[in-house]
Amino acid sequence: LSGDLADRILGGDLRAAARLMRDLDDGAPAAVETLKRLYPHTGKAQVVGVTGNPGAGKSTLVSALIRLLRGRGERVGVVAVDPTSPFSGGAILGDRVRMQEHATDPGVFIRSLATRGHLGGLSRSTSDVVSVLDAMGYGKILVETVGVGQDEVEIARSAHTTVVIMVPGLGDEVQTIKAGLLEVADVFAVNKADRPGADRVVSDLEMLVHGGRVGSWSVPVVRTVAVSGEGVEALWKEIERHLAAAESGEGGEVRRRHRAEQRLLEILRDELGALVDASLRSTGRLAEMAAALADRRSDPYTLAEQAMRTLLGG
Ligand SMILES: Nc1nc2c(ncn2[C@@H]2O[C@H](COP(=O)(O)OP(=O)(O)OP(=O)(O)O)[C@@H](O)[C@H]2O)c(=O)[nH]1
Ligand SMILES: [Mg+2]
(Lines give C-alpha, C1' and ligand atoms only; values in the text may rest on other atoms or scores of the structure.)
(Ligands and ions follow the chains in the order given, each with its own letter.)
Protein backbone atom coordinates (compact mmCIF):
# COMPACT_ATOMS: atom_id res chain seq x y z
CA LEU A 1 0.00 0.00 0.00
CA SER A 2 2.83 2.38 0.82
CA GLY A 3 4.17 1.45 -2.62
CA ASP A 4 0.92 2.47 -4.23
CA LEU A 5 0.86 5.77 -2.45
CA ALA A 6 4.53 6.42 -3.26
CA ASP A 7 3.92 5.65 -6.94
CA ARG A 8 0.96 7.98 -7.04
CA ILE A 9 2.98 10.74 -5.39
CA LEU A 10 5.87 10.24 -7.79
CA GLY A 11 3.34 10.38 -10.61
CA GLY A 12 2.34 13.85 -9.46
CA ASP A 13 -0.90 12.99 -7.65
CA LEU A 14 -1.48 16.01 -5.41
CA ARG A 15 -4.19 14.38 -3.33
CA ALA A 16 -1.89 11.45 -2.58
CA ALA A 17 0.80 13.90 -1.48
CA ALA A 18 -1.61 15.77 0.76
CA ARG A 19 -2.73 12.47 2.27
CA LEU A 20 0.86 11.47 3.06
CA MET A 21 1.53 14.83 4.68
CA ARG A 22 -1.53 14.39 6.89
CA ASP A 23 -0.39 10.89 7.82
CA LEU A 24 3.02 12.29 8.68
CA ASP A 25 1.39 14.86 10.95
CA ASP A 26 -0.53 12.08 12.68
CA GLY A 27 2.61 9.98 13.08
CA ALA A 28 1.09 7.08 11.14
CA PRO A 29 3.70 4.29 10.84
CA ALA A 30 2.77 3.63 7.21
CA ALA A 31 3.83 7.18 6.35
CA VAL A 32 7.44 6.34 7.13
CA GLU A 33 7.25 3.36 4.76
CA THR A 34 6.13 5.70 2.01
CA LEU A 35 8.97 8.12 2.82
CA LYS A 36 11.45 5.26 2.45
CA ARG A 37 10.20 4.65 -1.07
CA LEU A 38 10.33 8.34 -1.96
CA TYR A 39 13.81 8.95 -0.61
CA PRO A 40 15.75 7.59 -3.64
CA HIS A 41 13.96 10.23 -5.72
CA THR A 42 15.09 13.15 -3.56
CA GLY A 43 18.20 15.30 -3.60
CA LYS A 44 17.45 17.27 -6.74
CA ALA A 45 15.65 20.31 -5.35
CA GLN A 46 17.21 23.60 -4.35
CA VAL A 47 16.04 24.40 -0.83
CA VAL A 48 15.95 28.00 0.36
CA GLY A 49 15.10 29.02 3.91
CA VAL A 50 13.42 32.39 4.44
CA THR A 51 13.43 33.55 8.02
CA GLY A 52 13.01 36.70 10.07
CA ASN A 53 10.95 38.37 12.76
CA PRO A 54 7.15 38.21 12.74
CA GLY A 55 5.74 40.63 10.19
CA ALA A 56 9.07 41.15 8.41
CA GLY A 57 7.41 40.23 5.13
CA LYS A 58 8.51 36.61 4.81
CA SER A 59 5.28 35.38 3.22
CA THR A 60 5.09 38.39 0.93
CA LEU A 61 8.68 37.82 -0.15
CA VAL A 62 8.06 34.10 -0.65
CA SER A 63 5.06 35.03 -2.81
CA ALA A 64 7.20 37.37 -4.86
CA LEU A 65 9.86 34.67 -5.27
CA ILE A 66 7.21 32.18 -6.38
CA ARG A 67 6.06 34.68 -9.00
CA LEU A 68 9.62 35.15 -10.26
CA LEU A 69 10.33 31.42 -10.37
CA ARG A 70 7.02 30.52 -12.00
CA GLY A 71 7.82 33.11 -14.65
CA ARG A 72 10.92 31.05 -15.38
CA GLY A 73 8.92 27.86 -15.64
CA GLU A 74 10.12 26.41 -12.33
CA ARG A 75 7.85 24.29 -10.15
CA VAL A 76 7.87 25.61 -6.61
CA GLY A 77 7.16 23.94 -3.29
CA VAL A 78 6.59 25.99 -0.14
CA VAL A 79 6.72 24.88 3.48
CA ALA A 80 5.47 27.53 5.88
CA VAL A 81 6.50 26.70 9.43
CA ASP A 82 4.49 29.37 11.05
CA PRO A 83 1.11 29.44 12.72
CA THR A 84 0.32 32.97 11.66
CA SER A 85 1.55 32.65 8.11
CA PRO A 86 -0.93 33.72 5.46
CA PHE A 87 0.05 30.46 3.74
CA SER A 88 -1.41 28.50 6.61
CA GLY A 89 -4.75 30.20 6.16
CA GLY A 90 -4.40 31.17 9.78
CA ALA A 91 -4.54 34.52 11.44
CA ILE A 92 -3.76 36.86 8.60
CA LEU A 93 -6.74 36.76 6.31
CA GLY A 94 -5.81 40.00 4.58
CA ASP A 95 -3.16 38.17 2.60
CA ARG A 96 -5.64 35.75 1.08
CA VAL A 97 -5.67 37.53 -2.24
CA ARG A 98 -1.95 37.19 -2.70
CA MET A 99 -2.09 33.59 -1.65
CA GLN A 100 -4.89 32.72 -4.00
CA GLU A 101 -2.76 33.87 -6.88
CA HIS A 102 -0.64 30.75 -6.28
CA ALA A 103 -3.25 28.47 -4.72
CA THR A 104 -4.79 27.68 -8.09
CA ASP A 105 -1.44 27.19 -9.81
CA PRO A 106 -0.65 23.48 -10.28
CA GLY A 107 3.04 24.34 -10.44
CA VAL A 108 2.99 25.47 -6.81
CA PHE A 109 2.49 23.28 -3.76
CA ILE A 110 2.08 25.07 -0.44
CA ARG A 111 2.11 23.18 2.83
CA SER A 112 1.97 24.76 6.26
CA LEU A 113 3.22 23.21 9.45
CA ALA A 114 2.00 24.44 12.79
CA THR A 115 4.76 24.91 15.32
CA ARG A 116 2.65 22.95 17.79
CA GLY A 117 0.43 19.96 17.67
CA HIS A 118 2.39 17.55 15.53
CA LEU A 119 4.31 14.49 16.57
CA GLY A 120 8.05 14.38 16.37
CA GLY A 121 10.39 17.34 16.13
CA LEU A 122 9.49 20.34 14.04
CA SER A 123 12.77 20.13 12.21
CA ARG A 124 12.17 16.50 11.32
CA SER A 125 8.64 17.21 10.11
CA THR A 126 9.92 20.02 7.92
CA SER A 127 12.62 17.79 6.42
CA ASP A 128 10.01 15.12 5.71
CA VAL A 129 7.74 17.54 3.86
CA VAL A 130 10.71 18.94 1.93
CA SER A 131 11.61 15.37 0.92
CA VAL A 132 8.10 14.70 -0.37
CA LEU A 133 8.11 17.91 -2.44
CA ASP A 134 11.61 17.11 -3.70
CA ALA A 135 10.55 13.60 -4.77
CA MET A 136 7.55 15.10 -6.58
CA GLY A 137 9.90 17.16 -8.71
CA TYR A 138 9.42 20.61 -7.25
CA GLY A 139 12.80 22.00 -8.22
CA LYS A 140 12.71 25.02 -5.92
CA ILE A 141 11.55 24.66 -2.35
CA LEU A 142 11.06 27.69 -0.12
CA VAL A 143 10.82 27.20 3.64
CA GLU A 144 9.38 30.07 5.68
CA THR A 145 10.13 30.14 9.41
CA VAL A 146 9.87 32.79 12.08
CA GLY A 147 13.38 32.87 13.44
CA VAL A 148 12.56 32.59 17.10
CA GLY A 149 13.35 29.15 18.48
CA GLN A 150 16.31 26.80 18.30
CA ASP A 151 14.22 24.45 16.17
CA GLU A 152 13.85 27.11 13.56
CA VAL A 153 17.54 27.85 13.48
CA GLU A 154 18.02 24.12 12.84
CA ILE A 155 15.52 24.26 10.01
CA ALA A 156 17.28 27.24 8.49
CA ARG A 157 20.55 25.35 8.74
CA SER A 158 19.19 22.44 6.73
CA ALA A 159 18.52 24.58 3.64
CA HIS A 160 21.08 25.08 0.88
CA THR A 161 20.78 28.81 1.35
CA THR A 162 19.23 30.78 4.19
CA VAL A 163 17.85 34.25 3.63
CA VAL A 164 17.47 36.31 6.79
CA ILE A 165 15.05 39.22 6.46
CA MET A 166 15.59 42.46 8.33
CA VAL A 167 13.32 45.49 8.25
CA PRO A 168 13.74 49.15 9.14
CA GLY A 169 11.79 50.81 11.89
CA LEU A 170 12.46 48.53 14.81
CA GLY A 171 14.83 50.85 16.62
CA ASP A 172 18.26 49.36 17.07
CA GLU A 173 17.68 47.12 14.10
CA VAL A 174 20.56 44.73 13.95
CA GLN A 175 20.29 43.95 17.65
CA THR A 176 16.69 42.84 17.42
CA ILE A 177 17.46 39.67 15.52
CA LYS A 178 18.54 36.60 17.38
CA ALA A 179 22.29 36.03 17.36
CA GLY A 180 21.80 32.43 16.23
CA LEU A 181 20.06 33.62 13.11
CA LEU A 182 22.81 36.01 12.15
CA GLU A 183 25.13 33.03 12.12
CA VAL A 184 23.03 31.09 9.65
CA ALA A 185 22.45 34.01 7.25
CA ASP A 186 23.84 33.34 3.78
CA VAL A 187 22.03 36.33 2.29
CA PHE A 188 20.44 39.32 4.03
CA ALA A 189 17.30 40.86 2.60
CA VAL A 190 16.48 44.30 3.92
CA ASN A 191 12.77 44.21 3.19
CA LYS A 192 10.34 47.15 3.35
CA ALA A 193 13.09 49.17 1.73
CA ASP A 194 10.33 51.62 0.76
CA ARG A 195 10.26 52.69 4.40
CA PRO A 196 12.52 55.21 6.12
CA GLY A 197 15.57 53.80 7.84
CA ALA A 198 16.40 51.13 5.27
CA ASP A 199 19.76 52.74 4.48
CA ARG A 200 20.76 52.53 8.11
CA VAL A 201 19.88 48.83 8.30
CA VAL A 202 21.84 48.12 5.12
CA SER A 203 24.94 49.91 6.36
CA ASP A 204 24.70 48.28 9.80
CA LEU A 205 24.46 44.87 8.21
CA GLU A 206 27.30 45.56 5.82
CA MET A 207 29.50 46.54 8.73
CA LEU A 208 28.50 43.40 10.57
CA VAL A 209 29.22 41.23 7.54
CA HIS A 210 32.64 42.74 6.93
CA GLY A 211 33.65 42.47 10.54
CA GLY A 212 32.30 38.98 10.81
CA ARG A 213 32.45 35.68 9.12
CA VAL A 214 35.60 33.88 8.12
CA GLY A 215 35.61 31.91 4.92
CA SER A 216 35.23 32.76 1.28
CA TRP A 217 31.55 33.72 1.24
CA SER A 218 30.84 37.32 2.10
CA VAL A 219 27.16 37.62 2.99
CA PRO A 220 25.47 40.00 0.52
CA VAL A 221 22.87 42.53 1.64
CA VAL A 222 19.97 43.03 -0.79
CA ARG A 223 17.20 45.64 -0.54
CA THR A 224 13.73 44.38 -1.31
CA VAL A 225 10.21 45.72 -1.44
CA ALA A 226 8.30 42.46 -1.34
CA VAL A 227 4.91 44.10 -1.94
CA SER A 228 6.03 45.51 -5.31
CA GLY A 229 8.56 42.85 -6.24
CA GLU A 230 11.39 45.38 -6.31
CA GLY A 231 14.78 43.78 -5.62
CA VAL A 232 13.39 40.27 -5.72
CA GLU A 233 15.25 39.37 -8.89
CA ALA A 234 18.48 40.67 -7.35
CA LEU A 235 17.76 38.61 -4.25
CA TRP A 236 17.31 35.43 -6.26
CA LYS A 237 20.54 36.16 -8.10
CA GLU A 238 22.42 36.25 -4.79
CA ILE A 239 20.70 33.03 -3.69
CA GLU A 240 21.91 31.33 -6.88
CA ARG A 241 25.38 32.78 -6.44
CA HIS A 242 25.50 31.42 -2.91
CA LEU A 243 24.36 27.99 -4.06
CA ALA A 244 27.08 27.86 -6.68
CA ALA A 245 29.75 28.97 -4.21
CA ALA A 246 28.72 26.87 -1.22
CA GLU A 247 27.55 23.62 -2.73
CA SER A 248 30.38 23.00 -5.18
CA GLY A 249 33.73 21.32 -4.63
CA GLU A 250 35.05 20.08 -1.34
CA GLY A 251 33.07 22.58 0.70
CA GLY A 252 29.85 21.36 -0.90
CA GLU A 253 30.73 17.79 0.01
CA VAL A 254 31.31 18.82 3.63
CA ARG A 255 27.96 20.60 3.71
CA ARG A 256 26.13 17.61 2.19
CA ARG A 257 27.64 15.28 4.80
CA HIS A 258 26.82 17.68 7.58
CA ARG A 259 23.18 17.90 6.49
CA ALA A 260 23.03 14.11 6.26
CA GLU A 261 24.38 13.82 9.81
CA GLN A 262 21.82 16.28 11.10
CA ARG A 263 18.98 14.51 9.32
CA LEU A 264 19.98 11.17 10.75
CA LEU A 265 20.51 12.54 14.23
CA GLU A 266 17.15 14.28 14.36
CA ILE A 267 15.33 11.07 13.43
CA LEU A 268 17.39 8.99 15.84
CA ARG A 269 16.86 11.42 18.73
CA ASP A 270 13.16 11.41 18.01
CA GLU A 271 12.92 7.63 17.89
CA LEU A 272 15.16 7.10 20.89
CA GLY A 273 13.17 9.59 22.93
CA ALA A 274 9.94 7.81 22.08
CA LEU A 275 11.53 4.44 22.87
CA VAL A 276 12.81 5.59 26.26
CA ASP A 277 9.44 7.02 27.10
CA ALA A 278 7.48 3.94 26.06
CA SER A 279 9.86 1.52 27.70
CA LEU A 280 10.06 3.30 31.04
CA ARG A 281 6.29 3.73 31.19
CA SER A 282 5.28 0.23 30.16
CA THR A 283 7.61 -1.44 32.70
CA GLY A 284 6.42 0.81 35.51
CA ARG A 285 10.02 1.91 35.95
CA LEU A 286 9.13 5.55 35.41
CA ALA A 287 6.61 5.59 38.27
CA GLU A 288 9.14 3.89 40.56
CA MET A 289 11.87 6.33 39.74
CA ALA A 290 9.53 9.29 40.04
CA ALA A 291 8.50 8.14 43.52
CA ALA A 292 12.14 7.77 44.56
CA LEU A 293 12.86 11.23 43.26
CA ALA A 294 9.79 12.86 44.78
CA ASP A 295 10.67 11.39 48.19
CA ARG A 296 14.26 12.54 47.80
CA ARG A 297 15.48 8.95 48.11
CA SER A 298 17.59 9.51 45.05
CA ASP A 299 18.61 12.28 42.68
CA PRO A 300 17.58 12.69 39.02
CA TYR A 301 21.12 12.23 37.70
CA THR A 302 21.69 8.87 39.37
CA LEU A 303 18.24 7.69 38.31
CA ALA A 304 18.84 8.75 34.73
CA GLU A 305 22.21 6.96 34.70
CA GLN A 306 20.60 3.79 36.03
CA ALA A 307 17.80 3.97 33.48
CA MET A 308 20.33 4.47 30.68
CA ARG A 309 22.28 1.43 31.77
CA THR A 310 19.13 -0.69 31.84
CA LEU A 311 17.91 0.59 28.48
CA LEU A 312 21.25 0.14 26.74
CA GLY A 313 21.61 -3.31 28.29
CA GLY A 314 24.90 -2.33 29.90
N1 LIG B 1 5.70 48.76 3.08
C2 LIG B 1 5.95 47.47 2.93
N3 LIG B 1 5.18 46.55 3.51
C4 LIG B 1 5.46 45.27 3.33
C5 LIG B 1 6.55 44.83 2.53
N6 LIG B 1 6.59 43.48 2.57
C7 LIG B 1 5.57 43.08 3.33
N8 LIG B 1 4.88 44.14 3.80
C9 LIG B 1 3.70 44.11 4.66
O10 LIG B 1 4.07 43.64 5.94
C11 LIG B 1 3.01 42.89 6.53
C12 LIG B 1 3.51 41.54 6.97
O13 LIG B 1 3.87 40.80 5.83
P14 LIG B 1 3.95 39.21 5.84
O15 LIG B 1 4.44 38.80 4.52
O16 LIG B 1 2.68 38.63 6.32
O17 LIG B 1 5.06 39.01 6.95
P18 LIG B 1 5.57 37.65 7.63
O19 LIG B 1 6.99 37.87 7.97
O20 LIG B 1 5.25 36.49 6.76
O21 LIG B 1 4.70 37.60 8.94
P22 LIG B 1 4.44 36.37 9.93
O23 LIG B 1 4.27 35.14 9.06
O24 LIG B 1 3.22 36.75 10.67
O25 LIG B 1 5.65 36.28 10.80
C26 LIG B 1 1.91 42.81 5.48
O27 LIG B 1 0.96 43.78 5.77
C28 LIG B 1 2.65 43.13 4.19
O29 LIG B 1 1.81 43.69 3.21
C30 LIG B 1 7.37 45.83 1.92
O31 LIG B 1 8.34 45.57 1.21
N32 LIG B 1 7.02 47.13 2.15
MG1 LIG C 1 4.25 34.69 7.17
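Here's a quick rundown of the structure.

Here is what the cut-offs are and how they apply
Residue positions are counted from 1 within each chain, in the order its sequence is given. As a convention, the first chain written is A and the first ligand written is 1, with the rest following in written order. Only residues with pLDDT of 70 or above have their local features reported here, since the model is predicted, and side-chain atom pairs are shown and tallied only from 80 upward, although totals for entire chains, interfaces and linings are computed over all residues. Heavy atoms from the whole structure form the basis of all side-chain values; hydrogens and water molecules are not counted. Take the buried Ala, Val, Leu, Ile, Met, Phe, Trp, Tyr and Cys residues and link them wherever side-chain atoms come within 4.5 Å; each set so joined is a nonpolar core. The cut-offs for exposure are 20% and 50% of the maximum accessible area for each residue type, with area from a 1.4 Å probe on protein chains only; residues under the lower value are buried, those over the upper are exposed, and the others partly exposed. Counting from the N terminus, the helices are the DSSP runs of H or I reaching at least four residues and the strands are the DSSP runs of E reaching at least two. Here a residue-residue contact requires only that any non-hydrogen atoms of the pair lie within 4.5 Å. One requirement defines pairing of two strands: DSSP has to find at least two bridges between them. In this analysis, axes come from line fits to C-alpha atoms, helices being fitted only over the stretch in contact, and the angle between any two N-to-C directions falls in the range 0 to 180 degrees. Only nitrogen, oxygen and sulfur atoms count as donors, using a 2.8 Å cut-off from the metal that widens to 3.2 Å for Na, K and Ca. Water is left out, so coordination shells may look unfilled. For Phe, Tyr and Trp, rings pair up if their centres lie within 6.5 Å, where Trp contributes its six-membered ring, and each pair is then called stacked (planes under 30 degrees apart), edge-to-face (over 60) or tilted (otherwise). Put simply, a charge is over a ring when the Lys NZ or the Arg CZ is close to the ring centre, within 6 Å, and near the line of the ring normal, within 35 degrees. If an angle is under 35 degrees, it is roughly parallel; if it is over 145, roughly antiparallel; if it lies from 65 to 115, roughly perpendicular; otherwise it is oblique. Charged means Asp, Glu, Lys or Arg here, nonpolar means Ala, Val, Leu, Ile, Met, Phe, Trp, Tyr, Cys or Pro, and polar covers whatever is left, Gly included.

Moving on, we come to the nonpolar core. If you look at the biggest cluster of nonpolar residues, it comprises 29 residues, and the most contacted ones within it are Ile9, Leu20, Val79, Val132, Leu133, Ile141 and Val143. Put simply, the parts of the chain that give this core at least two residues each are α1 (2-10), α2 (14-26), α3 (29-38), β2 (76-81), β3 (108-113), α6 (122-135) and β4 (140-146). Sort the elements by how many residues they give to this core and α6 lands first, with six residues. Those residues in contact with Ile9 that sit more than four places away from it in its chain are Ala16, Ala17, Leu20, Thr34, Leu38, Val132 and Met136. Membership of the second largest hydrophobic core comes to 25 residues, among which are Leu61, Val76, Leu142 and Val167.

In this section: the environment of Arg195. Residue placement: Arg195 occurs in the loop between β6 (187-190) and α9 (198-211). Taking the C-alpha atoms as reference, Arg195 lies 8.7 Å from Val167; in sequence the two are 28 residues apart.

A word on the sheet that holds β3. Spatially, seven strands are ordered β3-β2-β4-β1-β5-β6-β7 in an open sheet, and the strand pairing comes out parallel. Taken across any chain shown, the strands that pair with only one partner, and hence form the sheet edges, are β3 and β7 (221-223). Shown here is a sheet whose adjacent strand axes are inclined to one another by a mean of 20°, direction ignored. Judged from the six bridges that link them, β2 and β4 form a sheet pairing that is parallel. The partner of Val76 across the bridge, within β4, is Lys140.

Before going further, it helps to spend a moment on the coordination of the magnesium ion (ligand 2). Taken together, the protein donors to the magnesium ion (ligand 2) comprise Ser59 (OG) and Glu144 (OE), at separations of 2.2 Å. Of the two residues, Ser59 sits in helix α4 (residues 58-71) while Glu144 sits in strand β4, which places them 85 residues apart along the sequence. Judged by relative accessible area, which is 9%, Ser59 ranks as buried.

Our focus in this paragraph is the packing of aromatic side chains. A complete count under the given rule lists one aromatic pair for this structure. Aromatic pair Phe109 and Tyr138: ring centres 6.1 Å apart, planes at 65°, arrangement edge-to-face. Linking Phe109 in strand β3 with Tyr138 in the loop between α6 and β4, this pair joins segments that are 29 residues apart in sequence. A single burial state applies to Phe109 and to Tyr138, both of which are buried. Over the aromatic face of Tyr138 sits the side chain of Arg75, whose NZ or CZ is 4.3 Å from the ring centroid.

Before going further, it helps to examine the environment of Lys140. Residue position: Lys140 is located in strand β4. Taking the C-alpha atoms as reference points, Lys140 and Val78, 62 residues apart in sequence, are found 8.5 Å from one another. If we ignore the near neighbours within four places in the chain, the residues touching Lys140 are Gln46, Leu69, Glu74, Arg75, Val76, Gly77, Trp236 and Glu240.

On to the packing of α4 against helix α10 (residues 232-246). Pairs of packed helices are described in terms of their axes, by the angle between the two and the distance that separates them. Contact geometry for α4 and α10: axes closest at 10 Å, N-to-C directions at 80°. Between α4 and α10, the interaxial angle falls into the category roughly perpendicular. Contacts between α4 and α10 involve Leu61, Ala64, Leu65, Leu68 and Leu69 from the former and Val232, Glu233, Leu235 and Trp236 from the latter. Class assignment of the residues belonging to the contact of α4 with α10 gives a composition of eight nonpolar, no polar and one charged.

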